Amino acid sequence: MMLPSGSAGARILSFGGHQPSNVVTNEDLAEKIDTTDEWIQSRVGIAERRVAGPEESLQDMATAAGGKALAASGLEAGDIDLVVVATCTPETPIPNISATVADRMGIASPGAFDVNAACAGFCYALSVAADAVRAGSARHVLVIGAEKLSQWLDWTDRTTCVIFADGAGAAVVGPSETPAIGPVVWGSAGDKHEAISIASRDTYLTQQGQTVFRWATTQLNAAANDALDRAGVSPQDLAAFVPHQANLRIVESLARKLGATDAVVARDIVTAGNTSAASIPLALSRMLERGEIASGGKVLILGFGAGLTYAAQVIEVP
Amino acid sequence: MAMSEQEILSGLGEIVNEIAGVPADEVTPEKSFVDDLDIDSLSMVEIAVAAQDKFGVEIPDDQLKNLKTVKDVINFIQA
């Protein structure tokens, strides 16, 4: 038996993000349910979010983000040999969306599968992609995080509908002579599987806010620190910290304990809401567009969410 | 040895001040966290976590909703 030689390391060549055009402000929500802009901003830190209409599917958003990342990478569609989509909100369980998205992007017959690790999904998918490139199972991987959470929300439940939103973010991963995607630190807490769930196909997403908040603000800094240690990177080396955009108060708590004094902290949730698996690549694509992180900067990403699941790794941005 | 009500009250005052910016001397036993001290459900979680660190007593989330006043928390910690 023979094995491919693979690559010494893997790196992200480009990012791309896509949001639906429809902006829903806190005032818009306050007209329909018992809430206020002040209540939402103080609890979760969101000012507005994007919601896809019936004319824009999960596949549409994933394809748009993937197309932008592919264009920015300088590669052709034919260079991609694996497509991985992280999502927990497919409209149907069969087929997966990665094969459909690949076809619509003109990527001919790549390996294609979806990953469900909820809001941690992008970090899981990125880890799998980096390992595939290093092992030689793929040369260029398109990793997409995409969610249409709006279709799983009870729009009269003010504990969820003010938080979750729609969007997609993507990254192209390729070979590198030096490592630029660090070792993943991942784990789960299945005893808390009820904390965030869609219990059946005709119900909506529910969340035990206090349970998730306590877990996120007390258990995840250890994973963040482990990811730094395993990559040999100190908090002071970080150009940015991009945790999943779950809740601004969780983001601030994680950042405060991380102690990365020079790092820009992603606060994309303010205008994007919580887009689950899309939030990290979407935030990164927007931060890079605005020039907030220099090329080659080291960024700690930390995904966490339903399962409960979490994953963290250090990346160098393109 | 169990802590006195005064010791716990003093510790809670420091915690509430740190987390919610409420002056410690306003944290008195009869005060309601939500109605008098303007503390929301997520800040209550932070207070519970800090109280566990300080007093060594875990306050689970399913108990938090029953702890409406400062006195309720003192009683829970002393129980």
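Quick notes on the rules
- Here the residue numbers are simple positions, counted from 1 along each chain's written sequence.
- Think of it this way: whatever chain is written first is A, whatever ligand is written first is 1, and the rest follow in order.
- With pLDDT at 70 or above as the cut-off, local features in this predicted model cover only qualifying residues; side-chain atom pairs require 80 or more to be listed or tallied, and sums for whole chains, interfaces and linings still use all residues.
- Remark: hydrogens and water are excluded; side-chain values derive from all non-hydrogen atoms of the structure.
- Numbered from the N terminus, helices here are DSSP runs of H or I no shorter than four residues, and strands are runs of E no shorter than two.
- The size measure is the radius of gyration over C-alpha atoms, and the globule rule it meets is 2.2 Å times the number of residues to the 0.38 power.
- In this scheme, a residue with accessible area under 20% of its type's maximum is buried, one over 50% is exposed, and one in between is partly exposed, where area comes from a 1.4 Å probe on protein chains only.
- Working rule for contacts: check all heavy atoms of both residues, and any pair within 4.5 Å makes them a contact.
- Each accessible area is a Shrake-Rupley result for a 1.4 Å probe, and residues are judged covered by the shown protein chains and nothing else.
- Only four residue types enter the charge count: Lys and Arg as positive, Asp and Glu as negative, with His and the chain ends excluded.
- Here the site of a charge means NZ on Lys, CZ on Arg, CG on Asp, or CD on Glu.
- At least two bridges found by DSSP between two strands are what make those strands a pair.
- Geometry is summarised by axes, namely lines fitted to C-alpha atoms with helices restricted to the contacting stretch, and by angles between N-to-C directions that run from 0 to 180 degrees.
- For a helix, the expected span equals 1.5 Å multiplied by the number of residues minus one.
- Where each domain begins and ends is defined by an automated method or by a domain database.
- Summed over both partners, the accessible surface that disappears when two parts come together, traced with a 1.4 Å probe, is what is meant by buried area.
- The term salt bridge refers to a side-chain nitrogen of Lys or Arg lying within 4 Å of a carboxyl oxygen of Asp or Glu.
- For the purposes of these results, a polar contact is taken to be a pair of N or O atoms within 3.5 Å, where, inside protein, one atom must be able to donate a hydrogen and its partner to accept one; residues adjacent in sequence count only when each atom of the pair is a side-chain atom.
- Under the convention adopted here, Pro, Cys and the residues Ala, Val, Leu, Ile, Met, Phe, Trp and Tyr are nonpolar, Asp, Glu, Lys and Arg are charged, and Gly plus all remaining residues are polar.
- Working definition: roughly parallel below 35 degrees, roughly antiparallel above 145 degrees, roughly perpendicular at 65 to 115 degrees, and oblique for all remaining angles.
- A clockwise turn of the near helix away from the far one marks a right-handed crossing, whereas an anticlockwise turn of less than a right angle marks a left-handed crossing.

**Q** Would you mind going over the overall build of chain A with me for this structure?
**A** Across its full length, chain A holds nine helices and 14 strands. Here the C-alpha radius of gyration of chain A, 18 Å, is about what a compact globule of 318 residues would show, namely 20 Å. Taking all 318 residues of chain A together, 57% fall into the buried category. Restricting to contacts in chain A with at least 6 residues of sequence separation, those with at least 24 account for 77%. Summing over all exposed atoms, chain A offers an accessible surface of approximately 12700 Å²; the carbon and sulfur share of this is 51%. The centroid of the 22 positive side-chain charges in chain A is displaced by 5 Å from the centroid of its 34 negative side-chain charges.

**Q** Which parts of the structure should I look at to understand the sheet that holds strand 6 (residues 141-148) of chain A?
**A** Sheet strands line up and pair through hydrogen bonds in the backbone, either parallel or antiparallel. All names here are of chain A. Taken together, the five strands give an open sheet; going across it, the order is 1-7-6-4-5, and neighbouring strands pair in mixed fashion. Every interior strand has two partners, whereas the edge strands, strand 1 (9-18) and strand 5 (111-115), have only one. Averaged over all pairs of adjacent strands, the angle between strand axes in this sheet comes to 20°, irrespective of strand direction. As defined by bridge partners, strand 6 adjoins strand 7 (residues 166-176) across eight bridges and the pair is classed as antiparallel. Note that in strand 7 the partner of glycine 145 across the bridge is glycine 169. Its contacts with the sheet place helix 3 (residues 58-73) against strand 1, strand 6 and strand 7, and it is angled at close to 125° to strand 1.

**Q** Would you mind showing me how to read helix 5 (residues 121-135) of chain A here?
**A** Note on helix geometry: an α-helix contains 3.6 residues per turn, so any two residues three or four positions apart are oriented the same way. Residues and elements named next belong to chain A. Its 15 residues place the ends of helix 5 21 Å apart at the C-alpha level, agreeing with the 21 Å of an ideal helix rising 1.5 Å per residue. Of all 15 residues in helix 5, 11 are buried; the element is thus mostly enclosed. Among the residues of helix 5, Gly121, Phe122, Cys123, Tyr124, Ala125, Leu126, Ser127, Ala129, Ala130, Ala132 and Val133 are the ones counted as buried.

**Q** In this structure, what is going on with the domain arrangement of chain A? I would like to understand it.
**A** Size of an interface, as often reported, equals the accessible area lost when the parts are brought together. All names here are of chain A. Structurally, chain A comprises domain 1 (9-176) and domain 2 (185-316). The gap between the C-alpha centroids of domain 1 and domain 2 is 15 Å. Across the contact, 44 residues belong to domain 1 and 43 residues belong to domain 2. Buried surface at the junction of domain 1 and domain 2, summed over both partners, amounts to about 3400 Å²; 64% is from carbon and sulfur atoms. Of all residues in domain 1, Cys119, Cys123 and Trp152 bury the most surface against domain 2, accounting for 19% of the area lost on that side. Counting the contacts that link domain 1 with domain 2 gives zero salt bridges. At the junction of domain 1 and domain 2, the tally comes to 16 residue pairs in polar contact (both at pLDDT 80 or more). Counting only elements with at least two residues in the side of domain 1 that touches domain 2, the list comes to strand 1, helix 2 (37-44), strand 3 (48-50), helix 5, strand 6 and strand 7.

**Q** What's the story with the environment of A:Val83 in this structure? I'm lost.
**A** All names here are of chain A. Tracing the sequence through the fold places valine 83 in strand 4 (residues 82-86). Classification of valine 83 as buried rests on a relative accessible area of 0%. For the pair valine 83 and valine 162, spaced 79 residues apart in sequence, the C-alpha separation works out to 31 Å.

**Q** Just checking my understanding: could you explain the interface of chain B and chain A for this structure?
**A** Listed as interface residues are 13 residues of chain B and, on the opposing side, 11 residues of chain A. Where chain B abuts chain A, roughly 1000 Å² becomes buried across the two surfaces, and 51% of that area is made up of carbon and sulfur atoms. Per-residue buried area on chain B facing chain A is highest for B:Asp40, B:Leu42 and B:Asp61; these three make up 52% of the total on that side. For the interface between chain B and chain A, the tally reads four salt bridges. Counting the contacts that link chain B with chain A gives six residue pairs in polar contact (both at pLDDT 80 or more). Of all the elements in the fold, those that place two or more residues in the side of chain B that touches chain A are helix 2 (41-55) and helix 3 (61-64) of chain B. Its residues placed into classes, the side of chain B that touches chain A shows seven nonpolar, three polar and three charged.

**Q** Would you mind showing me how to read the packing of helix 6 (residues 209-231) of chain A against helix 2 of chain B here?
**A** Working note: a packed helix pair is described by the angle between its axes plus the distance between those axes. Their axes nearest at 9 Å, the elements helix 6 of chain A and helix 2 of chain B cross at an angle of 50°. Considered as vectors, helix 6 of chain A and helix 2 of chain B are oriented oblique to each other. In this structure, helix 6 of chain A crosses over helix 2 of chain B, and the sense of that crossing is right-handed. Taken together, the residues of helix 2 of chain B that come into contact with helix 6 of chain A (itself represented by A:Gly209, A:Gln210, A:Phe213, A:Arg214 and A:Thr218) are B:Ser41, B:Leu42, B:Val45, B:Glu46, B:Ala48, B:Val49 and B:Gln52. Considered class by class, the residues forming the contact of helix 6 of chain A with helix 2 of chain B number five nonpolar, five polar and two charged.

**Q** What is the right way to look at unusual backbone geometry in this model?
**A** Peptide bonds are trans in most cases, and residues, glycine excluded, mostly fall at negative phi. Residue and element names in this part refer to chain A. In the segment running from isoleucine 94 into proline 95, the intervening peptide bond is cis, with an omega of 0°. In this fold, proline 95 is placed in the loop between strand 4 and helix 4 (97-104). A cis geometry characterises the amide bond from glycine 307 onward to leucine 308, with omega recorded as -10°. In this fold, leucine 308 is placed in the loop between strand 13 (298-305) and strand 14 (309-316). Notably, alanine 118 is not glycine yet its phi reads approximately 50°, a positive angle. Relative to the helices and strands, alanine 118 is located in the loop between strand 5 and helix 5.

**Q** Looking at this structure, how should I read the pairing of strand 4 of chain A?
**A** Side-chain positions along a regular strand alternate between the two faces of the sheet. Residues and elements named next belong to chain A. Among the five residues that make up strand 4, five are buried, leaving the element largely enclosed by the rest of the structure. Residue alternation in strand 4 divides its side chains into two sets, Leu82, Val84 and Ala86 and Val83 and Val85, and both sets are buried. Bridge count between strand 4 and strand 5: five bridges; the pairing is parallel. In the strand pairing of strand 5, valine 84 is matched with phenylalanine 113.

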